[in-house]
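Here are the chains, one letter per residue:
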Amino acid sequence: RRGATSRSRPRAAMGCGSSVQQPEPSKPDEASVPKPKAATQKDEKVDREKDKEQAKEKNKSFEQTMKFLSQVNLLKRLPKDQHPLLAEACISQDFAPGDVVIRQGENGSEFFVIRSGEASVSVSKDGGEPVKVATLKAGDYFGENALLRDEPRTATIAAATELQTFKITRDKFQE
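Quick caveat, the model's predicted, so the values are computed rather than measured.

What counts and how
- Along each chain, residue indices are assigned from 1 in the same order as the chain's sequence is written.
- In keeping with the model being predicted, local features are shown solely for residues with a pLDDT of at least 70 and side-chain atom pairs are shown and tallied solely at 80 or more, while totals for entire chains, interfaces and linings include all residues.
- As a rule here, side-chain values cover all heavy atoms of the structure and leave hydrogens and water aside.
- Secondary structure elements follow DSSP: runs of H or I of four or more residues count as helices, runs of E of two or more count as strands, with numbering from the N terminus.
- Burial classification: accessible surface area is computed with a 1.4 Å probe over protein chains only, and a residue below 20% of its type maximum counts as buried, one above 50% as exposed, and the rest as partly exposed.
- With residues, only the protein chains shown are counted as cover, and all accessible areas are computed by Shrake-Rupley using a 1.4 Å probe.
- Any Lys or Arg side-chain nitrogen located within 4 Å of an Asp or Glu carboxyl oxygen qualifies as a salt bridge.
- A pair of Phe, Tyr and Trp rings is counted when the ring centres sit within 6.5 Å of each other, with Trp represented by its six-membered ring. The angle between the planes then sorts it: under 30 degrees is stacked, over 60 is edge-to-face, the rest tilted.
- Counted as over-ring charges are cases with an Arg CZ or a Lys NZ within 6 Å of the ring centre that also lie within 35 degrees of the ring normal.
- What makes two strands pair is DSSP finding at least two bridges between them.
- Axes here mean lines fitted to C-alpha atoms, for a helix over just the part in contact, with angles spanning 0 to 180 degrees between N-to-C directions.

A. Inspection of the overall build of the protein at higher detail. If you tally the helices and strands in the protein, you get five helices and eight strands. The order of helices and strands in the protein, counted from the N terminus, is α-α-α-β-β-β-β-β-β-α-β-β-α. A buried classification covers 23% of the 175 residues belonging to the protein. Entry remark: accessible area of the protein is about 13,600 Å², with carbon and sulfur atoms responsible for 49%.

In structure tokens:
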């Protein structure tokens, strides 16, 4: 045999020693790397525990709302099977002292039940100065006329202290 010379035919490279450049395999990102089964199960368990806790808190809050509403004089008259629907319609809304909750003469579409705090009720006659006529406290309610009969507000209600309320809109009430 003769030795390799510059005139010899080039051989096609094949197999492991290929002269063709192969791209380097890309590194998978963390999201595409499957987690070990034990880690996935642990994450799912943590998620289930969080969901359970959130559900417990929501149920507890819902029960407290129902209990509170069942003690409000106006709402005591409702059939018991309506209480959960009413509780579901409630939206918590808080007011700072001095905040006007509703204003006399305005059209309203919301009913309020005071959870805590006090509110001042003022009425203005014939465009005169408003006169304080009452103070409302926990368990009292206002806005029922606007909610039930679509009437303008008959008084101005302002928070006298930090005021926590449940609000029910006409849309939710009519559902």
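After that view, the rundown keeps rolling.
B. Region of interest: the pattern of salt bridges. If you walk through the whole model with that rule in mind, you get three salt bridges. Across the pair Lys 167 and Glu 110 runs a salt bridge, and its minimum N-O distance is 3.5 Å. In this pair, Lys 167 is assigned in strand 8 (residues 163–169) and Glu 110 in strand 3 (residues 110–116), connecting sequence segments 57 residues apart. When its relative accessible area of 14% is taken as the criterion, Lys 167 is described as buried. For Glu 110, a relative accessible area of 23% corresponds to the partly exposed category. Its salt-bridge partner being Arg 149, residue Glu 151 comes within 3.5 Å of it at the nearest N-O pair.

C. Spotlight on the packing of aromatic side chains. Under the criterion given, the structure shown has four aromatic pairs. Pairing Phe 95 with Phe 112 gives two aromatic rings, centres 6.1 Å apart and planes at 65°, and the pair type is edge-to-face. Of the two residues, Phe 95 sits in strand 1 (residues 91–95) while Phe 112 sits in strand 3, which places them 17 residues apart along the sequence. If you follow Arg 115 out to its NZ or CZ, it ends over the ring of Phe 166, 4.7 Å from the centre.

D. Seen up close, unusual backbone geometry. Even without being a glycine, Asp 126 presents a positive backbone phi close to 50°. Position of Asp 126 among the secondary structure elements: in the loop between strand 4 (119–123) and strand 5 (131–136). Given the relative accessible area of 86%, Asp 126 is considered exposed.

E. Seen up close, the environment of Leu 148. Within the element layout of this structure, Leu 148 appears in helix 4 (residues 144–149). Owing to a relative accessible area of 49%, Leu 148 belongs among the partly exposed residues under this scheme. Taking C-alpha positions, Leu 148 is 9.5 Å from Glu 110, a pair spaced 38 residues apart along the chain.

F. The arrangement of the sheet that holds strand 3 in detail. Read from one edge to the other, the open sheet built from four strands follows the order 1-8-3-6, with strand pairing classed as antiparallel. At either margin of the open sheet sits one strand with a lone partner, and together these are strand 1 and strand 6 (141–142). When strand 3 meets strand 6, the two strands line up antiparallel, connected through two bridges. Residue pairing for strand 6: Phe 112 is matched across the bridge by Phe 142.

G. Examining the sheet that holds strand 2 (residues 100–102) more closely. The strand order across the open sheet formed by four strands is 2-7-4-5, and the pairing between neighbours is antiparallel. Bordering the open sheet on either side are strand 2 and strand 5, each of which pairs with just one other strand. Between one strand axis and the next, the sheet turns through 30° on average, direction left out of account.

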